[in-house]
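# Fold and contact review
Given next are the chains, with one letter for each unit.
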Amino acid sequence: MQLKARGPTKLDLRGSPRKIGFQHGLQLQRQIKDQISVYEEMFDFTSQVTWETVKDYAREFQVTLQRLTPDLYSEMEGIAEGAGLDVLDIVALNCRSELALELYTNVADGCTSVSWKKTENSRLLAQNWDWTSLVSGNIVLMSVEREGKPKVFMVTEAGVVGKIGFNSAGVGVGLNAIKARPCETSKLPIHVALRLCLESTSVDQALSTISKLGGLASAQYIVLADNERSLGLELSPLGDFVLEEDDNGIVTHTNHFIANRSIGDEPWQPDSDTRLRRVQQLCSELMDDGVHGKHATPAILRDRIFSDMYNMPNSICRQADLTRHPTMRSSTLFNIVMNLEPDNLGAEVVIGQPGSGIESSVVTMPWA
C-alpha cells in the first residue's frame, strides 16, 4: 500500500519476494522509469555509453544474483513486471555503483556518517546521503515485511531493493560510497548487501551473511550497528577492515578508506579528508559542551553536525556545484538519524538539506 500523505512517498510492502517486488514496481513505475532516465543520462555524459550497454554489463551481475540471492533476484523480477520493464533494467539500477566502476564513470558524491554510543544498550546511527538532485523526487521511505525476517524500514531509491535504514530487530546500516577498483561481478553488489544487513537479527548475523556469500563486489563503506555495538566496515573485493568504536563510543566516516590498505593508493575524493576531520571536530565539540552519551538526540546531531556548511559547497551538508553538469551536481538529499534502542526504536528523516528550522519537515519511521 502506498501512503499519499504530505511529504515523501511512503510504501508498505509485504508478502513473497515476487509479490513485494510487483507492488514496488507497480506503485513506483513512474519514479523507476525516471531513475533509469537519470542514470541513462549520467552514463552517457560520463562514459559515453548507452543504457543498453549498461544493461549488457549488468548480465554478469544477473547471474550472480540468481546464484547468491535468489529471493532478492525474484524481488527484482517482480519490480520489473510491475513497472513494465526488462529485469535487466532493475538489475542495472541495483548494481549501478558497481557498473559505474566497470565503465569508469567519474561521478561526484559525498555522504558523511556517525555512529554514537548513547548507553551500553543503545546507539544512534546517522548520516547525510549526497547524490545528484535529479533523483530527489524518486527517494522513497519503504517498509518491507517478509515471513521469518525482521521488518525492514529504509530510505531508498525507486527500483532499488536495499539502502539505508534499520529493522524491527534493531539492526541499522548506513553507507559511504568509495570509488576504487577493482570490481568483481561474482560478488555482492552494495545495495543488495545493505538489504541483507537489514534482514539480519544482529550485527554478527549480518557479518556472517556477507562473509558466507563471498563479500562485496566493489570497495564500499558500511556502518553497521545494533543496540550493543557499532562497526565501520571498510570492504573491498581484495580485503576488509573493521573500525571499532573509539574511546567515546563514536565511529565517523566519509568517502575514503581510513585503515583498509588492500586496494593500494587510490585518488580519493579531494574533500573527503576535510569532511572527516570536520565531523570528528564537531563530535568533540559536542562532548566538550556536555552532549555525550545519552544526552545526544537526533535534533542535536542534525543541528550541530549534519547541517554544517564548513568548506561549502563540499561541506557535510553538501551544496550543488552549479558549474558542473546536472548529473554531476552532488548535494545532500536526505538526512537520517536512527535510534537503535530496544524500547524506543525508530528514525527521524529529513528529505532535503537539514538546517535551522527544518524540524517541521522531519518524518518519523516507522510511520503511523
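As the structure is a prediction and not an experimental result, all values here were calculated from the model.

This part takes up the confidence of the model for the protein. Residues shown with low pLDDT carry predicted positions that ought not to be read at fine detail. Within the protein, residue pLDDT values average 93, and 95% of them lie at 70 or more. In the model, residues 1-5 has pLDDT below 50 throughout and makes 13 contacts with residues more than four positions away in sequence or in other chains.

Moving on: the pattern of salt bridges. The tally for this structure, following the rule as stated, stands at 25 salt bridges. The shortest N-O distance in the salt bridge between Arg-123 and Glu-245 comes to 2.7 Å. Of the two residues, Arg-123 is situated in strand S4 (residues 122-132) and Glu-245 in the loop between strand S11 (241-243) and strand S12 (250-253); the sequence distance between them amounts to 122 residues. Linked by salt bridges that have partners in common, Asp-71, Glu-75, Arg-146, Lys-149, Arg-195 and Glu-199 make up one network.

Let us now look at the sheet that holds strand S15 (residues 362-365). Across the sheet, six strands lie side by side as S12-S3-S4-S13-S14-S15; this open sheet has antiparallel pairing. Each edge of the open sheet is held by one strand with a lone partner, namely S12 and S15. Within this sheet the neighbouring strands show an average axis-to-axis angle of 15°, counted without direction. Pairing geometry for strand S14 (residues 346-351) and S15, over four bridges, is antiparallel. Bridge pairing in S15 links Val-350 to Val-362.

So, how was this worked out
Residues numbered from 1 in each chain as written. Predicted model: local features only at pLDDT ≥ 70, side-chain atom pairs only at ≥ 80, totals over all residues. Heavy atoms only, no water. pLDDT = per-residue confidence, 0-100. Contact = heavy atoms within 4.5 Å. Salt bridge = Lys/Arg side-chain N within 4 Å of Asp/Glu carboxyl O. Helix = DSSP H or I, 4+ residues; strand = E, 2+ residues; numbered from the N terminus. Pairing = 2+ DSSP bridges. Axes fitted to C-alpha atoms, helices over the stretch in contact; angles between N-to-C directions.

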